[in-house]
Amino acid sequence: MRSEPLHSFKEHGWQVASAQFSDCSTYLATGAWDKSAVVYNVLDLKPLFRLSVAHSLPITCVRWLDRDLVTCSADRCAALWDTSNGERSTLFSGHTGWVLSCDTTDNTITTTSWDGTLGLWDPSRPAPLNLMSGHVAGVWDCATLKSSQVTASASEDCTLRLWDRRTATSFSTLAGGHDDSVLSVCWPADREFVLASDSTDCSILLWDTRTCKPVTRVESHTDSVKELAPLPHQPGIMASIGDSSLKIWDTSDSTNIKLLGSRSFPTDLECVAVSPDRLTHVCGGVNSTTYMSLFVGVDDDAHADLSQKYKATINRINEEESNKIVGYSHPAHPTCLRFP
């Protein structure tokens, strides 16, 4: 796997905490501890707009909600932003601790917080529809199974829980697999009975949600595994980040996880996102840089096409001073986000 990234985005001034591509793969959103969020046009590798002080404390998560953007923050709030004008549409308030992550599957909003709860939100209302309690420590992450009412959560209390969103209650607890905080959770195969999680104990687990027992455990990273990201439209394939490396896994056989490839970076990583077209991925570093690379599995012909496509753009950007200045803020708001 090629070691050099296609491009490095350097608009943030502190560690990049979160990243996500839009469904059309045209736009990339990032959020950082410098309290800002940036939206890029992936086609020309340029920032379209920057929310310079989106929150009063670090941003912990960014997620697309259709054509709008949701941000979460250590200021105990989440916010919905209208990408057509850069204005805040809704400020979500109700948690008593850091809002650590959110999920926008099926155009609904679920948040997790250091206060130990998950919040369910109507995008147009500032108050939560429900705050779901059950964990005995902070909740780091959550993931909703598409076209279902089931959400999984990962917690500092070393457990995962499954929630019925209709009743706002937990119906299963997955415990005894991790020896430390569970940091991330995902549904890698988009199937109800297979759940993946990672932890500060350096492990990745696959769970059978029918038995609430771990099926497979792998320890490939040398430090905390920070985030898992399933491949859009390719069930069974997921990415993980930990230490300063990204790894790609095939979980199609839940009893035998296969490592497909890996890539090393010059800094510890905090987040990962894979484009829905499965051609590129980005990793956010603690050094405030977001690295974009070709995704493992892209064949040589596609690599040559993409390299040619980006070559002139990358050369031009590297010569422009504006792309090297932390705090880039022009234009002040989006003017041309065009979705198919």
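Residues numbered from 1 in each chain as written. Predicted model: local features only at pLDDT ≥ 70, side-chain atom pairs only at ≥ 80, totals over all residues. Heavy atoms only, no water.

Engineer: Could you clarify how one ought to interpret the pairing of strand β24 (residues 245-250) in this entry?
Structural biologist: On any regular strand, side chains alternate: one points to one face of the sheet, the next to the other face. When you tally the buried positions in β24, you get six out of six residues, the bulk of the element. A two-sided burial pattern is seen for β24, the buried positions comprising S245, K247 and W249 on one face and L246, I248 and D250 on the other. Here strand β23 (residues 237-242) folds back onto β24, and the loop between the two strands holds two residues, one of which, D243, carries a positive phi near 50°. Across six bridges, β24 lies against strand β25 (residues 258-264) in antiparallel orientation. Each residue of the ladder has a partner; that of I248, found in β25, is G261. (Buried < 20%, exposed > 50% of the residue type's maximum accessible area, 1.4 Å probe, protein only. Helix = DSSP H or I, 4+ residues; strand = E, 2+ residues; numbered from the N terminus. Pairing = 2+ DSSP bridges.)

Engineer: Before we go on, may I ask you to explain the pairing of strand β26 (residues 269-274) in this structure?
Structural biologist: The buried count for β26 comes to five of six residues, which makes it a mostly enclosed element. Sheet analysis places β26 next to strand β27 (residues 280-285), joined by five bridges and oriented antiparallel. From the neighbouring strand, V272 faces β27, where its bridge partner is C283. Hairpin geometry of β26 and β27 is characterised by an intervening segment of five residues between the two adjacent antiparallel strands and by a positive phi of about 65° at R278.

Engineer: In this structure, what is going on with the pattern of salt bridges? I would like to understand it.
Structural biologist: A side chain with one charge can pair with a side chain of the opposite charge if their charged atoms come near. Within the structure shown, the criterion is met by eight salt bridges. A salt bridge links R63 to E227; the shortest N-O distance between them is 3.5 Å. One end of the pair, R63, is in strand β6 (residues 59-65); the other, E227, is in strand β22 (residues 225-230), with 164 residues separating them in the sequence. Exposure class is identical for R63 and E227. Each is buried. (Salt bridge = Lys/Arg side-chain N within 4 Å of Asp/Glu carboxyl O.)

Engineer: Sorry if this is basic, but what is going on with the sheet that holds strand β17 (residues 169-174) here?
Structural biologist: Ordered in space as β14-β15-β16-β17, the four strands form an open sheet in which the pairing is antiparallel. At either end of the open sheet lies a strand with only one pairing partner, and these are β14 (139-144) and β17. Mean inter-strand twist for the sheet, computed between neighbouring axes without regard to direction, equals 25°. Note: β14 against strand β15 (residues 150-155), five bridges, orientation antiparallel. Note on β15: the bridge partner recorded for V139 is S155. (Axes fitted to C-alpha atoms, helices over the stretch in contact; angles between N-to-C directions.)

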